[in-house]
Structure formats: C-alpha cells, structure tokens
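As a plain string of letters, each chain reads:
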Amino acid sequence: MKKILKQFGYIKRGILGFFQNNFDKLQNLSKKFGSFEIGKSIKEKPIQCFKIGNGPCKLLCVSGIHGNEIGTVKLAHCFLNWAHNNIDQFKNYTLFVVPCLNPDGYYLACKNPDYFNGGKIGRFNVNNVDLNRNFDTPSFTQKSIWSFGKNYKENVEVFCGNYGNSEPEIKALTELIKDKKIQIVFMFHNAGNDVMGNKNKLSQRLTKIYSEKTGFKYVSDEDWKELKQTGTAKEWCDLHDIAYVEVEGTTRWGSDWKKQKKAIKSIMSMNI
Ligand SMILES: [Zn+2]
C-alpha cells in the first residue's frame, strides 16, 4: 500500500510538471531579457546568466545544477519574470540568475521524465559527475554519497569527477562568482523540502527567513554533516567567505513559486 501511495505521489507530481518542459521557454527568455554566456556544457550547450538591477549587493541564484530537478529551472523562469516586472523592489541588489547550470542533464531529464522512479534521470552531467560534489574543497573525493527519499534515508554512491573543479559547468560557475565578486549565492534543488545555510552569519539570517516564509524545514549544520557530502557548493562558499543558501523545493517537476515568491520578495526588500 505504501509503495502504491508513493507511486501515486510521483504520478501526481509528474502530471503537475508534465507541461513544464522549459527548455524552449528558456531560449525564449534569453531573447526577451538578454543574457550572457558563462560557459558551455560538455555537449556544447550554452550556460546562460541573466543580470538584473544595479544595486551594491551582488546576489546570484543558480538552478538546475542537478538536471533532473526540473522544477528549479521553472522557478528561475518565474523569478526572472517577476524580477523584470518589479525591479523597483530590490534597489539594494544586483541580481545574477543562472537558470540551468547543467543543461545536458536537464535536457535528458525533460526527454525522459521517469515519474515512477521519482525523477532521477538527468541528475549528473555527461561525464556522469554529480556537479554538487565537484567543487574544489578540502573534502573533495572522487566518490561520494547522494542521499534522497524521505529524511534522506536512501543512499547511492556517486562519481564526483577526477579532481575538484574538473567539470566545465563548475568552472564556469566559480569563475562567474569570482569575476562578479558575488556576495550571496542561492542554490536551488528539490525535493527535500528544506533549506540550509553555511557558516557565514548573513547566510544564517537569510536561511531562517527563507524557512519561515516558505515553510521549508530549517537544516542545521550538524544535521547537514550527517549526510556526509563532499566537494559541495556550500563548503566552497565557506572557503571564500560567501553567504550561501541552499533551498530544497518540494517537488521534482513543480517550482513551488507561490511559497518561494514570499521568501524571495522578503529577502529582496532587505537592506543588507
Ligand atoms: Zn539537487
């Protein structure tokens, strides 16, 4: 019975996400708002970045680091549309948005939506690397763990690349962060239904606000350590003293835009 309910959940989520194949929309978005390319995926797909506003605080939002997390790309799409129509609401920020860091994985996920298996196809890049384990940090190892399912109780081993920062997608992202002197990074994932920060004080403030506004569970550093992740964006941002917030939405294929909008609006109105 439990298994049937689980599968029904996947189907429901699948139906919600069925019409949300945003790859073409993303191209249209580039035409509409203008973007610049920060690099290319292994299959030569452009990795786009959008810049909005001219405030002193530089904030970067990244979606689709795991290509199977289709809803995060949809979320970036919603966010970009909102930001362009409400530019007067965040005078304090210059926003950078990378709607899809792993376009090869995302494309694969859009073409093969494995609704009955929780949407696992397309997580990795073409080298089969889990990109959120490929950052050049002291904990980097070639093999690490991906935990998923309820309370992250299911685990599989993943490949993290031959060395830290080996993958073109991660190189492009870290160069963007350094080049633009980004102070805050928001990284969007799903479907853990939680939010966590790094050691940076501002990160902790933002994480708590995000948790309050969305209802996503706040994850402490101690809880996170139990997942035993290596070579992550979180750790890399700690090394570079950048405030980091990792948001895990509730579904693979949906954006949670209604909830996330409340948190985003609240943070955008802050005077940091
Ligand atoms: Zn993820």
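Up top is the structure.
Residues numbered from 1 in each chain as written. Predicted model: local features only at pLDDT ≥ 70, side-chain atom pairs only at ≥ 80, totals over all residues.

Caption draft 1: Spatial organisation of the overall build of the protein. Counting secondary structure elements, the protein contains 9 helices and 10 strands. Relative to the compact-globule value of 19 Å for 272 residues, the protein shows a C-alpha radius of gyration of 17 Å, a close match. Sequence separation of 24 or more characterises 77% of the internal contacts of the protein that already satisfy a separation of 6 or more. (Helix = DSSP H or I, 4+ residues; strand = E, 2+ residues; numbered from the N terminus. Rg over C-alpha atoms; globule rule 2.2 N^0.38 Å. Contact = placed C-beta atoms within 7 Å.)

Caption draft 2: Region of interest: the sheet that holds strand β8 (residues 194-197). Pairing in this open sheet of 8 strands is mixed, and the strands run β1-β2-β4-β3-β7-β10-β8-β9 from one edge to the other. Of all strands in the sheet, those with a lone pairing partner are β1 (36-40) and β9 (217-219), marking the two edges. Adjacent strand axes in the sheet meet at a mean angle of 20° when their direction is disregarded. The pairing of strand β3 (residues 57-62) with strand β4 (residues 93-98) spans 6 bridges and is classified as parallel. When the sheet's bridge partners are listed, L60 is paired in β4 with F96. (Pairing = 2+ DSSP bridges. Axes fitted to C-alpha atoms, helices over the stretch in contact; angles between N-to-C directions.)

Caption draft 3: A look at unusual backbone geometry. Here the amide bond leading from N190 into A191 is cis, since omega sits at 10°, within 30 degrees of zero. Its place among the elements puts A191 in the loop between β7 (184-190) and β8. Positive phi is not limited to glycine here, since N128 has a value of about 65°. When you line up the elements, N128 lands in the loop between α4 (103-111) and β5 (143-148). Judged by C-beta crowding, with 11 C-beta atoms within 10 Å, N128 ranks as exposed. One non-glycine residue, N165, adopts positive backbone phi at about 65°. Locating N165 in the fold gives a position in the loop between β6 (154-159) and α5 (168-179). (Buried ≥ 20, exposed ≤ 12 C-beta atoms within 10 Å, placed from the backbone.)

Scope: geometric values only; no functional claims are made or implied.
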